[in-house]
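# Chain and residue survey
Listed here are the chains, written in short residue letters.
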Amino acid sequence: EDVEDVAVSFRLERGVRFHSDNESVRELDEFVWKGSFSKGKNEIPFVVNIVESGKWEIMTVARFNGYSHRQRITLDAKEGVAIVKIYRYKPEKTGKES
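These figures come from a predicted structure and were not determined experimentally. (Residues numbered from 1 in each chain as written. Predicted model: local features only at pLDDT ≥ 70, side-chain atom pairs only at ≥ 80, totals over all residues. Heavy atoms only, no water.)

## Focus: the overall build of the protein chain
- Counting secondary structure elements, the protein chain contains one helix and seven strands.
- Counting from the amino terminus, helix and strand elements in the protein chain follow one another as β-β-α-β-β-β-β-β.
- Sorting the 98 residues of the protein chain into buried and exposed places 32% on the buried side.
- In the protein chain, the share of contacts with a sequence separation of at least 24, taken over all contacts with a separation of at least 6, comes to 65%. (Helix = DSSP H or I, 4+ residues; strand = E, 2+ residues; numbered from the N terminus. Buried < 20%, exposed > 50% of the residue type's maximum accessible area, 1.4 Å probe, protein only. Contact = heavy atoms within 4.5 Å.)

Now the structure itself:
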C-alpha cells in the first residue's frame, strides 16, 4: 500500500555538496525531503558536486509509520564532477516464508 508522510534525510560528508543555484542549499550538510511513496519502487533523484577529490559517503534515512530505512551511497570521485544519484525504496518481505 502507499506510504504517506515520509521524511528522507540526505547527509553529506565534507567533500560533497548539493548542486544548486541557491547558495544556502549548497552550504547544507543535510537536507530532508518530505512526501509520499506509492506502492512499489520509488526514486528521489538528486545532484551533488564533488568539491574535494576522494571517497565520500552520503547517508540516507527514510522514516515512515514508525519505521526507518537506511542506505549508504559511496562515491569515489574527482573534484568538480557533478554526479546524479538515485535513492530507491523497494519494500521487501520480512519474517519467515513458508
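## Observations regarding the sheet that holds strand β5 (residues 54–64)
- Reading across from one edge, β3-β1-β5-β6 is the order of the four strands in this open sheet, with antiparallel pairing throughout. Looking at strand neighbours, the two that pair on one side only are β3 (30–37) and β6 (67–77), the edges of this open sheet. Across the sheet, the mean angle from the axis of one strand to that of its neighbour is 20°, orientation sign disregarded.
- Where β5 meets β6, eleven bridges bridge the pair, whose relative direction is antiparallel. Residue pairing in the sheet places valine 61 in a bridge with arginine 70 of β6. (Pairing = 2+ DSSP bridges. Axes fitted to C-alpha atoms, helices over the stretch in contact; angles between N-to-C directions.)

## Remarks on the confidence of the model for the protein chain
- The pLDDT averaged across the protein chain works out to 81; a share of 82% of its residues lies at or above 70.
- Confidence drops under a pLDDT of 50 for residues 93–98, and excluding neighbours within four residues, the segment shows zero contacts in the predicted structure. (pLDDT = per-residue confidence, 0-100.)

## Some points on the environment of threonine 74
- Locating threonine 74 in the fold gives a position in strand β6.
- Between the alpha carbons of threonine 74 and lysine 55 there is a distance of 6.9 Å; along the sequence they are 19 residues apart.
- Contact partners of threonine 74, with chain neighbours within four places excluded, come to Lys55, Trp56 and Glu57.

## As for the pattern of salt bridges
- Under the defined criterion, the tally for this structure stands at four salt bridges.
- Across the pair arginine 11 and glutamate 30 runs a salt bridge whose closest N-O atoms are separated by 3.7 Å. In this pair, arginine 11 is assigned in strand β1 (residues 3–12) and glutamate 30 in strand β3, connecting sequence segments 19 residues apart.
- Look at arginine 11 and you get partly exposed, because its relative accessible area is 42%.
- Owing to a relative accessible area of 36%, glutamate 30 belongs among the partly exposed residues under this scheme.
- Note that aspartate 29 is salt-bridged to arginine 17, the shortest N-O span being 2.9 Å. Here the residue aspartate 29 occupies a position in the loop between α1 (23–26) and β3, and arginine 17 occupies one in strand β2 (residues 16–18), the gap between them amounting to twelve residues. (Salt bridge = Lys/Arg side-chain N within 4 Å of Asp/Glu carboxyl O.)

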